[in-house]
Amino acid sequence: QVQLVESGGGLVQAGGSLRLACAASGSIFSIDAMRWHRQALGKQRELVVTITSGGDTNYADSVKGRFTIYRDVAENTVYLQMNRLKPEDTAVYFCNAEGILNNGDKFVDFWGPGTQVTVSS
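Procedures and definitions
Residues numbered from 1 in each chain as written. Predicted model: local features only at pLDDT ≥ 70, side-chain atom pairs only at ≥ 80, totals over all residues. Heavy atoms only, no water. Pairing = 2+ DSSP bridges. Helix = DSSP H or I, 4+ residues; strand = E, 2+ residues; numbered from the N terminus. Axes fitted to C-alpha atoms, helices over the stretch in contact; angles between N-to-C directions. Disulfide = S-S within 2.5 Å. Phe/Tyr/Trp six-rings, centres within 6.5 Å; stacked < 30°, edge-to-face > 60°. Buried < 20%, exposed > 50% of the residue type's maximum accessible area, 1.4 Å probe, protein only. Lys NZ or Arg CZ within 6 Å of the ring centre and 35° of its normal. Contact = heavy atoms within 4.5 Å. Polar contact = N/O pair within 3.5 Å; in protein donor to acceptor, adjacent residues only side chain to side chain.

**Student:** Please give an account of the sheet that holds strand 3 (residues 18-26) that cites residues and values.
**Tutor:** Pairing is antiparallel in the open sheet, where four strands are placed in the order 1-3-8-7. Edge positions in the sheet fall to strand 1 (2-7) and strand 7 (67-72), since each of these pairs with one other strand and no more. Here the strands of the sheet are splayed against their neighbours by 15° on average, with no regard to which way each runs. Taken together, the six bridges between strand 1 and strand 3 define a ladder with antiparallel strand orientation. Bridged to Leu4 within strand 3 is Ala24.

**Student:** Before we move on, could you go through the state of the cysteines and cite the residues and values that matter?
**Tutor:** The term disulfide refers to a covalent linkage connecting the sulfur atoms of a pair of cysteines. A complete count under the given rule lists one disulfide for this structure. Disulfide pairing is shown between Cys22 and Cys95; the S-S distance is 1.8 Å. Judged by the sign of its S-S torsion, about 50°, the cystine formed by Cys22 and Cys95 is right-handed. Of this pair, Cys22 sits in strand 3 while Cys95 is found in strand 9 (residues 91-101), placing the two residues 73 residues apart along the sequence.

**Student:** Tell me what's going on with the packing of aromatic side chains, and back it up with residues and numbers.
**Tutor:** The geometry of two aromatic rings is summed up by the distance between their centres and the angle between their planes. For the structure shown, the criterion picks out two aromatic pairs. Summarising the aromatic geometry, the rings of Tyr70 and Tyr79 are spaced 5.1 Å apart at their centres and angled 20° between planes, so their arrangement reads as stacked. Classification of Tyr79 as buried rests on a relative accessible area of 14%. Taking the ring centre of Phe94 as reference, the NZ or CZ of Arg45 above it sits at 3.8 Å. Here Arg45 stacks its cationic end above the ring of Trp111, 4.7 Å away from the centre of that ring.

**Student:** Provide a residue-level description of the environment of Leu47, including the pertinent values.
**Tutor:** With respect to the helices and strands, the residue Leu47 is situated in strand 5 (residues 46-52). The exposure class of Leu47 is partly exposed, given its relative accessible area of 42%. When neighbours within four sequence positions are excluded, Leu47 is seen to be in contact with Arg35, Trp36, His37 and Ala60.

**Student:** Let's hear about the side chain of Arg66: which residues, and what values?
**Tutor:** Relative to the assigned elements, Arg66 resides in the loop between strand 6 (57-59) and strand 7. At a separation of 3.0 Å, a polar atom in the side chain of Arg66 contacts the main-chain carbonyl oxygen of Arg84. Here Arg66 is in contact with Gln81, Met82, Asn83, Arg84, Leu85, Lys86 and Asp89, once residues within four sequence places are set aside.

**Student:** Requested: an account of the pairing of strand 7, with residues and values cited.
**Tutor:** Residues Phe67, Ile69 and Arg71 line the buried face of strand 7, whereas the alternating positions Thr68, Tyr70 and Asp72 sit on a face that is not buried. In this structure, strand 7 lies alongside strand 8 (residues 77-82), joined through six bridges in antiparallel fashion. Considered in strand 8, the bridge of Asp72 is made with Thr77. Here strand 7 hands over to strand 8 after four residues, with Asn76 in that stretch at a positive phi of 50°.

Take it as geometry only, folks, not as evidence of what the structure does.
This is the structure we're talking about:
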């Protein structure tokens with residue numbers, strides 16, 4: 001099985017910074033991609049950023065230039081450095097991973113429980 005746990009959320013004033021972390025665990029052979037999503041109250045969940053095992057990244061337009069994703073491959077952990085936060089960044093942030101288990105099976109669409117980010121104005 002695969003487990004994902006997010007951490008690092010909290011309350012911050014507009015213009016401030018937070019760093020989120022998502023640790024993946026289980027019988028994982030490799031992780032092909034990890035993603036951060038967020039869901040604001042009353043809104044649909046949206047993709048924030050993707051990082052692949054090769055280091056390629058793809059950011060949503062709303063966070064380009066402010067957020068940075070990076071991975072610690074050895075720890076199967078992905079981080080999201082969030083700078084110059086805005087009130088509209090307020091949401092529950094979730095991580096997602098896909099890859100290959102030790103038994104050769106593909107895993108997709110595993111989610112963590114989320115971590116709350118609140119940006120005050």
